[in-house]
Amino acid sequence: MGYFEEFIGVNLWTALFTLLNTLTVIFVGTKFLFKPVMKMIAERQKEIDDMYAEADTAKTEALALEDAYKQKLSLATQTGERIVKEAVARGQAREEEILRQANAEASAIMDKAAADIAMEKKKAINDAKDEISELAMAIAEKAVGREISDRDHAVLVDSFIDELGDTL
């Protein structure tokens, strides 16, 4: 073997020692370096997975809160619309009531005015009758030359007013 060792330049014991050193380094590296690093990587991966799970949970909760918010907003919008509709209906009812009262008051004023006009007309006619009857009595007394009785006086006044009323 001496010739082989000289030709190749490898000492069998050196190669064996190098192989044992390499195996020892691999074993020690695996035991004290590779396993702790893998453990640290696994822990870090677990933390990342947990963070993703928490993010998913937070996203789910956020979506649930968003849905609840949208429902509350929709309910608030519906309530607002209902309140506005009720206010408009109350306003219209109040408007109709005010118009009805105004029409009733106007009608009452018109009726009172018509009654006042009729009463003033009667009063004017009665005043005119009295004046005319006095004039007619005075004329009749002068024309007849005697005093006229109350009965004759009433007949003359009524006939004169009837003729006067026909001309009006």
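The written sequence of each chain sets the order in which its residues are numbered from 1. Given that this is a predicted model, residues contribute local features only at a pLDDT of at least 70 and side-chain atom pairs are listed and counted only at 80 or more, while totals for whole chains, interfaces and linings are drawn from all residues. The side-chain figures draw on all heavy atoms in the structure; neither hydrogens nor water molecules are used.

**Comments concerning the overall build of the chain**
Argument step 1. Secondary structure elements follow DSSP: runs of H or I no shorter than four residues count as helices, runs of E no shorter than two count as strands, and numbering proceeds from the N terminus. For the chain, the count of helices and strands is three helices and zero strands.
Argument step 2. Listed N to C, the secondary structure of the chain is α-α-α in terms of helices and strands.
Argument step 3. The buried share of the chain, taken over its 168 residues, is 5%.
Argument step 4. In short, Shrake-Rupley with a 1.4 Å probe defines the accessible areas, and a residue's cover is counted only from the protein chains shown. A total accessible area of about 14900 Å² is found for the chain, and carbon and sulfur atoms account for 64% of it. To sort residues, take the accessible area from a 1.4 Å probe on protein chains only and compare it with the maximum for the residue type: under 20% means buried, over 50% means exposed, and anything in between is partly exposed.

**Some remarks on the pattern of salt bridges**
Argument step 1. Should a side-chain nitrogen of Lys or Arg be within 4 Å of a carboxyl oxygen of Asp or Glu, the pair is scored as a salt bridge. Taken as a whole, this structure holds six salt bridges when the rule is applied.
Argument step 2. For E66, the salt bridge identified is with K70, shortest N-O distance 3.5 Å. On the criterion of helical spacing, the pair formed by E66 and K70 is a turn pair, its members being four residues apart in helix α2 (residues 12-144).
Argument step 3. Between E86 and R82 there is a salt bridge; the shortest N-O distance is 3.3 Å. Here the residue E86 and the residue R82 both occupy positions in helix α2, the gap between them amounting to four residues, near one helical turn.
Argument step 4. For E86, a relative accessible area of 35% gives the class partly exposed.

**A word on the confidence of the model for the chain**
Argument step 1. For the chain, per-residue confidence averages 85 on the pLDDT scale, and residues scoring 70 or more make up 85% of the total.
Argument step 2. Along the chain, pLDDT gives the predictor's confidence residue by residue, from 0 to 100. Ranking the elements of the chain by mean pLDDT puts helix α1 (residues 2-8) last with 63 and α2 first with 89.

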